[in-house]
Protein chains: 4
Amino acid sequence: MSDKDKIRVAVIGAGRIGKIHIENLVNKIPEAEVVCVADIQVDKTEEWAKKIGVERVISDPTEAIQDPNIDAVVICSPTNTHADLIIKAAKAGKDIFCEKPIDRDLSRIETALEEVKDAGVKFQVGFNRRFDHNFRKIRLLVKDGEIGDVHIVNITSRDPNPPSIEYVKSSGGIFVDMTIHDFDMARYLTGSEVIKVYAVGNVLVDPKIGEVGDYDTIIATLEFENGAICTIDNSRKAVYGYDQRVEVFGSKGSAIAYNDRPTNVVVSTQDAVYMDKPLYFFLERYKESFVQEMQDFIDCLKNNEEPLVTGKDGFQAMAIAVAATKSAKEKRPVRLEEIL
Amino acid sequence: MSDKDKIRVAVIGAGRIGKIHIENLVNKIPEAEVVCVADIQVDKTEEWAKKIGVERVISDPTEAIQDPNIDAVVICSPTNTHADLIIKAAKAGKDIFCEKPIDRDLSRIETALEEVKDAGVKFQVGFNRRFDHNFRKIRLLVKDGEIGDVHIVNITSRDPNPPSIEYVKSSGGIFVDMTIHDFDMARYLTGSEVIKVYAVGNVLVDPKIGEVGDYDTIIATLEFENGAICTIDNSRKAVYGYDQRVEVFGSKGSAIAYNDRPTNVVVSTQDAVYMDKPLYFFLERYKESFVQEMQDFIDCLKNNEEPLVTGKDGFQAMAIAVAATKSAKEKRPVRLEEIL
Amino acid sequence: MSDKDKIRVAVIGAGRIGKIHIENLVNKIPEAEVVCVADIQVDKTEEWAKKIGVERVISDPTEAIQDPNIDAVVICSPTNTHADLIIKAAKAGKDIFCEKPIDRDLSRIETALEEVKDAGVKFQVGFNRRFDHNFRKIRLLVKDGEIGDVHIVNITSRDPNPPSIEYVKSSGGIFVDMTIHDFDMARYLTGSEVIKVYAVGNVLVDPKIGEVGDYDTIIATLEFENGAICTIDNSRKAVYGYDQRVEVFGSKGSAIAYNDRPTNVVVSTQDAVYMDKPLYFFLERYKESFVQEMQDFIDCLKNNEEPLVTGKDGFQAMAIAVAATKSAKEKRPVRLEEIL
Amino acid sequence: MSDKDKIRVAVIGAGRIGKIHIENLVNKIPEAEVVCVADIQVDKTEEWAKKIGVERVISDPTEAIQDPNIDAVVICSPTNTHADLIIKAAKAGKDIFCEKPIDRDLSRIETALEEVKDAGVKFQVGFNRRFDHNFRKIRLLVKDGEIGDVHIVNITSRDPNPPSIEYVKSSGGIFVDMTIHDFDMARYLTGSEVIKVYAVGNVLVDPKIGEVGDYDTIIATLEFENGAICTIDNSRKAVYGYDQRVEVFGSKGSAIAYNDRPTNVVVSTQDAVYMDKPLYFFLERYKESFVQEMQDFIDCLKNNEEPLVTGKDGFQAMAIAVAATKSAKEKRPVRLEEIL
């Protein structure tokens with residue numbers, strides 16, 4: 001591909017997820033070019049960026065956003081900076097990819113999305129799991145009517161280890177930092193909107209998590225406009241690794257996505273018949289989905305199409321997370337309209 | 001075994017489940033002898049009973065209960081007759097096996113169980129699934145600490161086809177006739193008591209079920225004394241057959257019971273890789289568990305031990321079912337103490 | 001069933017397999033009645049037989065065979081007695097079920113089968129695995145054309161532990177006492193005749209087995225009239241239990257029978273994801289197949305139909321075993337016609 | 001990585017497999033640089049090469065081999081050119097990666113490998129399956145003693161569709177173009193040398209294959225120095241896709257590698273419970289193994305280590321293929337020493 005046809009991208013924030021996006025854009029998506037990376041830690045980032053062939057590293061994201069040489073920005077900076085960056089980028093006419101959550105304040109999300117709308121730029125939220133091979137297949141089965149009308153959705157999502165207490169303190173809580181992925185998954189798989197949430201949270205893994213006001217073990221139930229009902233269970237700690245399964249059950253059958261494993265080897269010994277544990281954590285499990293979501297974003301820009309995961313999707317998932325948090329605190333079901 | 005050492009049993013009610021118990025007692029449990037069967041339809045029952053070698057068929061259950069030649073009664077008559085029969089049998093000093101539910105009225109259950117207690121007779125409720133090979137194994141894993149502290153329980157239980165509308169009208173509703181098994185399973189697997197229920201019901205399978213005031217698709221969440229939380233999903237109609245799975249997740253891992261299938265054959269063709277559907281319905285799936293529960297009952301009588309499934313278990317499961325029904329109707333979580 | 005309609009059976013030999021057949025006939029096959037058991041150890045057998053309700057135990061099989069009150073004999077005595085008993089029973093006009101192998105001498109088998117033919121009695125050989133749920137399903141798939149023309153068959157059959165050296169010394173060797181089941185399975189699954197065998201045997205489990213002239217680890221390849229080719233592998237010792245799998249691969253696909261396990265529970269821990277080992281040995285794995293083969297035998301007698309496993313099947317399997325033994329000793333492929 | 005530290009590679013032959021290696025070297029192996037590609041079809045190759053960033057395309061491989069700027073050559077040209085190119089490259093002091101088979105003539109392989117030895121250059125053969133995640137795991141289990149002494153190996157390897165008749169005519173036959181991978185796999189998994197082969201071939205898929213003197217369905221059995229025995233089955237046409245499984249069975253247990261599938265989704269409908277077919281063919285199934293083998297080659301050059309797959313491995317696999325071909329034609333077991 002000749003360089004002049006490439007989508008020129010600036011990535012804002014080169015933390016863990018930012019680095020993943022940069023590497024994928026550089027190594028796996030020939031239609032894109034990472035023109036510049038903006039990160040507060042310029043020196044450290046520069047060293048890393050050079051190795052993979054990105055020359056320009058700056059500290060000020062606004063500089064990147066306003067660079068006329070840039071087509072699109074990929075926002076991977078801390079959550080509280082998202083809304084402002086989105087607004088600036090929209091005003092500068094840049095297409096936008098933004099990591100989830102867009103913001104923890106629903107009205108700020110609305111404001112940002114209005115700017116996006118007014119500017120007429122493309123906008124995609126980083127719900128990468130929609131691009132996972134297993135879940136995408138289930139979505140296609142639902143869409144093609146193979147499962148019939150959706151009646152029940154069951155989502156299991158458990159991390160191998162809790163994040164640091166520092167992270168828990170500032171993340172907005174388990175429903176905002178973890179279950180939000182499952183809320184989006186439930187909307188994606190059913191193709192319907194949530195009308196009511198009931199959530200139960202407990203502290204069973206680590207009392208420190210409770211001390212800062214969060215839960216480590218939760219169940220949420222969702223009711224959808226189309227009548228479907230959904231259970232979600234989350235744990236901050238599954239000792240056997242990252243547990244990521246979903247089931248959609250409908251009038252014509254059921255589709256279950258089981259965990260991926262490093263190998264398909266089964267060993268039989270005097271003690272047991274055993275196989276690999278699930279892929280360890282999200283970097284392993286969703287590795288390919290991160291490539292796919294970015295590829296899809298770049299393809300949308302090239303083909304002038306709407307991204308699969310829109311600003312509305314980012315807003316709705318956050319709204320459900322807010323309702324779930326409220327439900328768990330007030331110990332009652334919460335209708336989504338209450339918090340909109 | 002010499003006949004005089006056998007437990008002499010009278011079975012009351014020779015409907016579908018009654019016949020199963022009679023056949024198992026006759027053919028598979030040498031320590032028991034079915035001395036008599038009581039059923040309103042004497043002629044029809046007599047014809048069937050003779051074929052399998054039971055000679056005495058009577059119409060009046062009281063006659064069986066008061067027969068000094070009888071050690072124990074197995075009550076399989078309609079639910080509304082259970083409490084009276086239990087009381088009569090207890091007063092007559094007979095050990096009692098009673099099909100679930102004991103009664104739909106909690107105070108009637110209490111009255112009956114007090115008589116049982118006063119009489120000092122053995123009492124077992126027909127929650128046969130506790131004797132299923134898969135679920136029993138999970139219970140043992142939990143009991144032996146292999147899963148650690150229980151954090152989350154997920155139960156999926158779906159029938160291949162809805163019962164008749166007549167049945168739905170009189171059964172007490174899906175929580176009483178179907179989910180009650182899962183309520184008992186949740187208590188059995190966790191070894192803890194439920195303190196709160198939230199249930200959501202919808203009519204997605206057949207509008208006629210809604211017209212008579214019941215649901216065909218439900219989700220229930222349970223909170224336990226020990227902190228564990230549980231999801232249950234039920235459907236009256238899974239087109240692929242009887243879906244009976246549970247998962248217990250705890251601090252040391254997870255144990256999942258998958259469905260049983262008629263064969264372990266996997267076929268690969270140009271179209272797909274496929275295997276057998278689950279065993280069709282409860283007669284196939286729980287065939288062996290019905291033998292095991294009756295064997296256990298007879299063993300308890302012979303060895304003067306307490307049955308595994310007690311009157312309290314029957315009461316508690318019904319109490320949760322009542323709470324779940326209330327929760328679904330009133331659209332709010334219901335604490336168990338509200339209805340006790 | 002009235003007693004006069006029952007097939008009256010005498011069982012000759014009440015060792016391990018004889019007891020299985022007696023119990024199944026008594027407890028699970030109402031159309032049959034075990035009138036008498038013949039065993040050298042009369043006293044010991046009598047004690048056991050009474051418990052399950054068989055009254056008559058005698059020492060002389062001829063007495064049973066000539067009893068006009070007997071319809072059929074089930075021969076479970078040592079292999080070297082089979083041929084004589086078959087001849088006597090045929091001459092007495094009794095239908096015959098005979099455990100495998102019919103004899104270790106092919107000409108003696110032929111002589112016995114001629115008597116059977118002349119007498120016009122029914123004859124079934126005890127290749128119980130044909131009645132196994134998994135293998136029967138694969139046979140049906142082949143028969144119904146679901147797999148297309150059969151190209152390749154792979155059979156794995158491994159015991160959990162070697163038999164005693166005494167047994168190995170007198171059994172005729174691994175091809176005769178163990179692989180013979182797989183030879184029959186290969187013929188059953190393909191529906192075709194073997195024309196050539198190549199067998200390789202090693203002593204890898206226990207040198208004592210080699211010292212008495214046998215192998216404990218073998219591979220055999222078979223070529224069939226219809227062009228199909230087959231591999232069989234056997235081991236006297238699989239530390240994880242009884243390994244019984246087959247695959248049929250053809251022009252339209254493949255069907256694989258995996259092992260049966262005690263439960264379908266999968267446990268995930270910090271160490272591994274594990275499940276049950278296969279059912280321990282043939283008594284567990286083929287329990288139901290022993291019932292089915294005897295039921296089928298009795299049904300054939302009642303309905304005057306040919307048994308599924310004929311004398312020819314017994315002869316052919318033994319002929320392949322003889323050829324395989326010769327092949328392994330002479331280290332060359334052996335055509336079946338060489339030894340016929 | 002600074003360019004001067006990179007291994008400078010010339011790739012000879014830009015057909016299907018050559019292109020795979022070039023893409024992997026360019027996109028996934030930062031320690032290597034593809035300096036030049038040699039292919040007869042210069043124009044067509046140039047167009048393709050430019051797109052992925054390789055500038056220099058020449059027609060004469062000798063030019064590449066003798067270029068002092070080149071560290072290593074990757075030989076992907078037709079088999080009959082391999083030996084000469086190896087000899088030239090060795091003489092020029094280049095390290096060598098050569099696609100399998102090295103040659104179809106064993107003495108030519110020997111000659112080439114002697115030159116390699118004399119020159120002291122590194123040499124790796126393209127048995128990519130050794131780098132497959134599943135098979136590598138089994139090899140590690142064997143090596144670590146988890147399976148104990150190896151007794152039996154079963155390898156199933158079936159293609160989704162036969163190659164063209166032109167290919168079959170010139171490939172050397174199924175044992176040379178297809179089973180050779182399994183011969184290498186058997187040596188790799190057991191860590192032992194083959195002493196005897198018996199092979200059976202049939203024409204069941206397409207009579208045209210038989211007309212040009214080849215087979216489309218084969219079974220081979222191998223005997224190893226360490227006593228292990230092995231079965232291999234191959235088909236040119238498995239309608240359900242690429243079937244690649246192995247089992248190693250030993251004194252301490254068994255390890256089985258099952259097929260990889262595009263997703264882990266299981267769908268249950270009224271008709272069946274089904275899942276994805278295996279990954280379609282070797283490009284999908286062994287995609288990652290091609291990266292790994294080239295990474296390993298480059299790593300060996302950088303670290304001055306011996307490659308995992310040596311010239312001897314290339315020679316031995318071909319020797320077994322020759323013996324198997326002879327065995328199938330002459331219908332007798334062939335000792336490897338016969339053809340050495």
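The structure displayed is predicted, hence computed values, not measured ones. Every chain begins its residue count from 1, and numbering advances along the sequence as written. Each chain takes a letter, starting from A, and each ligand takes a number, starting from 1, following the order in which they are written. Note on the predicted model: pLDDT of at least 70 is required for a residue's local features to be given, and 80 or more for side-chain atom pairs to be given and counted; whole-chain, interface and lining totals, by contrast, use all residues. Processing note: side-chain calculations cover all non-hydrogen atoms of the structure and skip hydrogens and water entirely.

## Thoughts on the domain arrangement of chain A
Residues and elements named next belong to chain A.
Thinking step 1. Once the domains are mapped, chain A shows domain 1 (3-121) and domain 2 (133-288 + 317-339).
Thinking step 2. Throughout, the edges of the domains are those of an automatic or database domain assignment. Look at where the C-alpha atoms of domain 1 and domain 2 centre, and you get two points 28 Å apart.
Thinking step 3. Only heavy atoms matter for contacts: two residues are in contact if any of them lie within 4.5 Å across the pair. Each partner contributes to the interface: domain 1 provides 9 residues, whereas domain 2 provides 14 residues.
Thinking step 4. Across the domain 1 to domain 2 interface the summed buried area is about 890 Å²; carbon plus sulfur atoms make up 67%.
Thinking step 5. In what follows, salt bridge is the name for a side-chain nitrogen of Lys or Arg lying within 4 Å of a carboxyl oxygen of Asp or Glu. For the pair domain 1 and domain 2, the interface holds 0 salt bridges.
Thinking step 6. Residues adjacent in sequence count toward polar contacts only when both atoms are side-chain atoms; beyond that, a polar contact is any pair of N or O atoms within 3.5 Å, and within protein one must be able to donate a hydrogen and the other to accept it. Applying the counting criterion to the domain 1 and domain 2 interface returns 3 residue pairs in polar contact (both at pLDDT 80 or more). Two parts placed together each lose some accessible area; with a 1.4 Å probe, that loss summed over both constitutes the buried area.

## Observations concerning the confidence of the model for chain A
Thinking step 1. Residues with a pLDDT of 70 or more make up 99% of chain A, whose mean pLDDT is 96.
Thinking step 2. This prediction of the complex comes with two scores: 0.96 for pTM and 0.95 for ipTM. Each residue carries a pLDDT score, the predictor's own confidence in it, on a scale running from 0 to 100.

## Looking at the packing of aromatic side chains
Thinking step 1. Aromatic contacts are taken between Phe, Tyr and Trp rings whose centres are within 6.5 Å, Trp giving its six-membered ring; a plane angle under 30 degrees counts as stacked, one over 60 as edge-to-face, and the others as tilted. Using the criterion set out here, one finds 40 aromatic pairs over all chains in the structure.
Thinking step 2. Judged by centre distance (6.2 Å) and plane angle (75 degrees), the rings of D:Phe282 and D:Phe290 are edge-to-face.
Thinking step 3. An aromatic cluster is built from A:Phe135, A:Tyr242, A:Tyr280, A:Phe281, A:Phe282, A:Tyr286 and A:Phe290, whose rings are joined through pairwise contacts.
Thinking step 4. We call a charge positioned above a ring when the Lys NZ or Arg CZ atom is no farther than 6 Å from the ring centre and deviates by at most 35 degrees from the ring normal. When the ring centre of A:Tyr188 is taken as reference, the NZ or CZ atom of A:Arg139 above it lies at 6.0 Å.
Thinking step 5. Between the NZ or CZ atom of B:Lys19 and the centre of the ring of B:Trp48, over which it lies, the distance is 5.4 Å.

## What to know about the packing of helix α4 (residues 79-91) of chain B against helix α5 (residues 106-119) of chain B
For any two helices packed against each other, the geometry comes down to the angle between their axes and how far apart the axes lie.
Residues and elements named next belong to chain B.
Thinking step 1. Comment: axis = line fitted to C-alpha atoms, over the contacting stretch for helices; angle = value between 0 and 180 degrees taken between N-to-C directions. Strands are runs of DSSP state E lasting at least two residues, helices are runs of H or I lasting at least four, and both sets are numbered from the N terminus onward. Between α4 and α5, the shortest axis-to-axis distance is 8 Å and the interhelical angle comes to 15 degrees. Classified by the angle between their axes, α4 and α5 sit roughly parallel to one another. Considering only the axes of α4 and α5, their crossing is left-handed. Only Arg108, Thr111, Ala112, Glu115, Val116 and Ala119 of α5 make contact with α4, whose side of the interface consists of Asn80, Ala83, Asp84, Ile86, Ile87, Ala90 and Lys91.
Thinking step 2. Class assignment of the residues belonging to the contact of α4 with α5 gives a composition of 7 nonpolar, 2 polar and 4 charged. To sort the angles, those under 35 degrees are grouped as roughly parallel, those over 145 as roughly antiparallel, those from 65 to 115 as roughly perpendicular, and the leftovers as oblique. Left-handed is the label given to a crossing in which the near helix is rotated counterclockwise from the far helix by less than a right angle, and right-handed is the label when the rotation is clockwise. Polar here means any residue outside two lists: the nonpolar Ala, Val, Leu, Ile, Met, Phe, Trp, Tyr, Cys and Pro, and the charged Asp, Glu, Lys and Arg; Gly therefore counts as polar.

## Re the sheet that holds strand β2 (residues 32-38) of chain D
All names here are of chain D.
Thinking step 1. Pairing between two strands is assigned when DSSP locates at least 2 bridges connecting them. Read across the sheet, 6 strands follow the order β3-β2-β1-β4-β5-β6 without closing on themselves; strand pairing throughout is parallel. Each edge of the open sheet carries a strand with a single partner, namely β3 (57-58) and β6 (123-125).
Thinking step 2. Helix-sheet contacts for helix α1 (residues 16-28) involve β1 (7-12), β2, β4 (72-75) and β5 (95-98), and the interaxial angle to β2 is about 150 degrees.
Thinking step 3. Against the sheet, helix α11 (residues 287-303) makes contact with β1, β2, β4, β5 and β6, and its axis sits at roughly 165 degrees relative to β5, the strand it touches most.

## Describing the relation of the copies chain A and chain C
Thinking step 1. Superposing the copies works by least squares over the C-alpha atoms of residues that have pLDDT at least 70 in both of them. Of the transformation placing chain A onto chain C, the axial shift is 0.0 Å and the rotation is 180 degrees, giving an RMSD of 0.0 Å. Here the two chains are linked by the operation of a two-fold rotation axis. Measuring from the rotation axis to each C-alpha of chain A, the shortest distance belongs to A:Tyr274, at 2.0 Å.
Thinking step 2. When the interface residues of chain A are mapped onto chain C, 100% of them are again interface residues, pointing to one common binding face.

## A closer look at the interface of chain A and chain C
Interface size is commonly expressed as the accessible surface area that is lost when the partners come together.
Thinking step 1. Taken residue by residue, the interface counts 15 residues in chain A and 15 residues in chain C.
Thinking step 2. Buried surface at the junction of chain A and chain C, summed over both partners, amounts to about 1100 Å²; 67% is from carbon and sulfur atoms.
Thinking step 3. Considering only the surface of chain A that becomes buried against chain C, A:Gln270, A:Val273 and A:Met275 emerge as the three largest contributors, covering 43% of it.
Thinking step 4. One can count 0 salt bridges joining chain A with chain C.
Thinking step 5. Counting the contacts that link chain A with chain C gives 4 residue pairs in polar contact (both at pLDDT 80 or more).
Thinking step 6. Of the residues contributing to the side of chain A that touches chain C, the split by class is 8 nonpolar, 3 polar and 4 charged.
Thinking step 7. Direction of pairing for strand β14 (residues 273-275) of chain A relative to strand β14 (residues 273-275) of chain C: antiparallel, over a ladder of 3 bridges. By the bridge assignment for β14(C), A:Val273 is matched with C:Met275.

## Focus: the nonpolar core
All names here are of chain D.
Thinking step 1. We call a set of buried residues a nonpolar core when its members are Ala, Val, Leu, Ile, Met, Phe, Trp, Tyr or Cys and they connect through side-chain atoms within 4.5 Å of each other. Type-normalised accessible area, obtained with a 1.4 Å probe on protein chains alone, sets the label of each residue: buried when under 20%, exposed when over 50%, and partly exposed for intermediate values. Counting 107 residues, the largest nonpolar core has Leu25, Ile96 and Leu222 as its most contacted members.
Thinking step 2. Among the elements that make up this core, the one with the highest residue count is helix α8 (residues 174-190) (10 residues).
Thinking step 3. Summarising the domain contributions, this core has at least three residues from each of domain 1 (3-121) and domain 2 (133-288 + 317-339).
Thinking step 4. In this structure isoleucine 96 touches Val73, Ile75, Ile86, Ala89, Ala90, Val116, Val121, Lys122, Phe123, Gln124 and Phe297, once residues within four positions along its chain are discounted.

## Considering the interface of chain A and chain B
Thinking step 1. With 42 residues of chain A in contact, the opposing surface of chain B contributes 42 residues.
Thinking step 2. Between chain A and chain B, the buried area comes to about 3000 Å², and carbon and sulfur atoms account for 65% of it.
Thinking step 3. Remark: the boundary between chain A and chain B carries 4 salt bridges.
Thinking step 4. Here B:Arg158 and A:Glu247 are joined by a salt bridge, their closest N and O atoms 2.8 Å apart.

## Quick word on the sheet that holds strand β1 (residues 7-12) of chain B
Through backbone hydrogen bonds, the strands of a sheet pair up, either in parallel or in antiparallel fashion.
Residues and elements named next belong to chain B.
Thinking step 1. As summarised here, the arrangement of the 6 strands in space is β3-β2-β1-β4-β5-β6, forming an open sheet in which the pairing is parallel. Edge strands, defined here as strands with exactly one partner in the open sheet, are β3 (56-58) and β6 (123-125). For this sheet, the mean angle separating the axes of adjacent strands, direction not counted, is 20 degrees.
Thinking step 2. By the bridge criterion, 3 bridges tie strand β5 (residues 95-98) to β6 in an arrangement that is parallel. Bridging from a neighbouring strand, cysteine 98 pairs with valine 125 of β6.
Thinking step 3. Together, β1, β2 (32-38), β4 (72-75), β5 and β6 form the strand contacts of helix α12 (residues 287-303), whose direction differs from that of β5 by roughly 165 degrees.

## What to know about the environment of D:Lys277
Thinking step 1. You can see D:Lys277 is positioned in the loop between β14 (273-275) and α10 (282-285).
Thinking step 2. With relative accessibility at 27%, the residue D:Lys277 sits in the partly exposed group.
Thinking step 3. Between the C-alpha atoms of D:Lys277 and D:Gly93, which are 184 residues apart in sequence, the distance is 46 Å.
Thinking step 4. Ignoring sequence-local partners within four residues, the contact set of D:Lys277 consists of B:Thr269, B:Gln270, B:Asp271, B:Ala272, B:Val273, D:Tyr240, D:Arg261 and D:Pro262.
Thinking step 5. Among the polar contacts listed, one links the side chain of D:Lys277 to the backbone oxygen of B:Gln270, at a separation of 2.5 Å.

## Notes on the pairing of strand β4 (residues 72-75) of chain C
Residues and elements named next belong to chain C.
Thinking step 1. Alternating residues of β4 divide into Ala72 and Val74 and Val73 and Ile75, and every residue in both groups is buried.
Thinking step 2. Strand direction decides the pairing type here: strand β1 (residues 7-12) and β4, joined by 4 bridges, are parallel. Residue valine 11 lies in a different strand from β4, and its bridge partner there is valine 74.
Thinking step 3. Across 4 bridges, the pairing between β4 and strand β5 (residues 95-98) is parallel. Looking at β5, one finds that valine 74 is bridged to phenylalanine 97.
Thinking step 4. Handedness rule for crossovers: strands pointing away from the viewer, path from the first strand over the helix to the second running clockwise, crossover right-handed. On the question of chirality, the crossover connecting β4 to the parallel β5 by way of helix α4 (residues 79-91) is right-handed.

## Describing the packing of helix α6 (residues 133-143) of chain C against helix α8 (residues 174-190) of chain C
Residues and elements named next belong to chain C.
Thinking step 1. Remark: α6 packs on α8, axes separated minimally by 8 Å, with the N-to-C direction vectors making an angle of 35 degrees. Together, Phe135, Arg136, Ile138, Arg139 and Val142 of α6 and Met185, Tyr188, Leu189 and Thr190 of α8 make up the contact between the two elements.
Thinking step 2. Residue composition of the contact of α6 with α8, grouped by class: 6 nonpolar, 1 polar and 2 charged.

## Section: α5(B)
Residue and element names in this part refer to chain B.
Thinking step 1. Multiplying 1.5 Å by the helix residue count minus one yields the expected span of that helix. The end-to-end C-alpha separation of α5 is 20 Å, in line with the 20 Å expected for 14 residues at 1.5 Å each.
Thinking step 2. For α5, every residue scored as buried is listed here: Leu106, Ile109, Ala112, Leu113 and Val116. Buried residues of α5, viewed axially, fall in a sector of 125 degrees; they line one side.
Thinking step 3. The inward-facing, buried residues of α5 contact α4, β5, β6 and α13 (311-330). Working definition: the arc comes from the directions between the helix axis and the C-beta atoms, pointing outward to the latter.

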